[in-house]
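Below, each chain spelled out in residue letters.
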Amino acid sequence: MSGTTLLHTLRTGHVGLNVTDLDRSVDFYRALFGLEVTHQGTDPQRRFALLGRDGRLVVTLWQQSEGTFATTAPGLHHLSFEVESLDEVRAAESLLRELGTGFAYDGVVPHSEGSASGGIFFTDPDGIRLEIYTRTGVAGTTAAAPTADAPTCGFF
């Protein structure tokens, strides 16, 4: 295998998540990210919803799970969303607190000690680990990094 890159325009597309209650998850992702339902499956045995914003598909939700997100199984570690400013991170934090969302850390935390980037780390209604962060503006304005020798986004 050579080191030549064949995919010059590679970027992450939409993310598909398995959920236990489609309506509850649609409400959560719409409230938090301002997403619109662009399509929903009508077959009661195959419930799904496509959620997007500004003409772009962002998240697909598939009601085909039981239980809660398993951090001990191979697969998704966490899903991260970038915003432009610390103010946006804090606005999301405020909304999530109103929704009764559980947080991994209290408040906005840097990705590592002294880092300019950082954010909030929380779970969706099914326990899927999520992050909303900004690249700049965090250093010196928030709490210390929760773990000295690992990235905060590691959810350690």
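Scroll up to find the structure this text is about.
Here's what I pulled together on the structure shown here. (Residues numbered from 1 in each chain as written. Predicted model: local features only at pLDDT ≥ 70, side-chain atom pairs only at ≥ 80, totals over all residues. Heavy atoms only, no water.)

### Quick look at the pattern of salt bridges
Phase 1: In this structure the tally under the stated criterion is seven salt bridges.
Phase 2: A salt bridge links D126 to R24, with the shortest nitrogen-to-oxygen separation between them at 3.0 Å. Of the two residues, D126 sits in the loop between β7 (118-123) and β8 (129-134) while R24 sits in helix α1 (residues 22-33), which places them 102 residues apart along the sequence.
Phase 3: Judged by its relative accessible area of 4%, D126 falls in the buried class.
Phase 4: Taking the shortest distance from any N to any O, the salt bridge between E82 and R135 comes out at 2.8 Å. Pair noted here: E82 is in strand β5 (residues 79-83) and R135 is in the segment after β8, with a separation of 53 residues, a long-range link.
Phase 5: Several salt bridges converge on common partners, so that one network encompasses E93, R97 and D106. (Salt bridge = Lys/Arg side-chain N within 4 Å of Asp/Glu carboxyl O. Helix = DSSP H or I, 4+ residues; strand = E, 2+ residues; numbered from the N terminus. Buried < 20%, exposed > 50% of the residue type's maximum accessible area, 1.4 Å probe, protein only.)

### A look at the layout of surface pockets
Phase 1: Space inside the largest pocket adds up to approximately 660 Å³.
Phase 2: What lines the largest pocket is a set of 21 residues, among which R53, R56, V58, F81 and E82 lie closest to the centre.
Phase 3: Of all the elements in the fold, those that place two or more residues in the lining of the largest pocket are α1, β4 (56-63), β5, α2 (86-98) and β8.
Phase 4: Per-element tally for the lining of the largest pocket: the top contributor is β5, with five residues.
Phase 5: Its residues placed into classes, the lining of the largest pocket shows twelve nonpolar, four polar and five charged.
Phase 6: Approximately 210 Å³ is the volume found for the second largest pocket.
Phase 7: Classifying every residue of the lining of the second largest pocket gives five nonpolar, six polar and two charged. (1 Å grid on protein atoms, 1.4 Å probe; cavity = no way out; pocket = protein on both sides within 12 Å on 5 of 7 lines; lining within 4 Å. Points joined across faces, edges and corners; volume = space filled by probe spheres on them. Nonpolar A, V, L, I, M, F, W, Y, C, P; charged D, E, K, R; others polar.)

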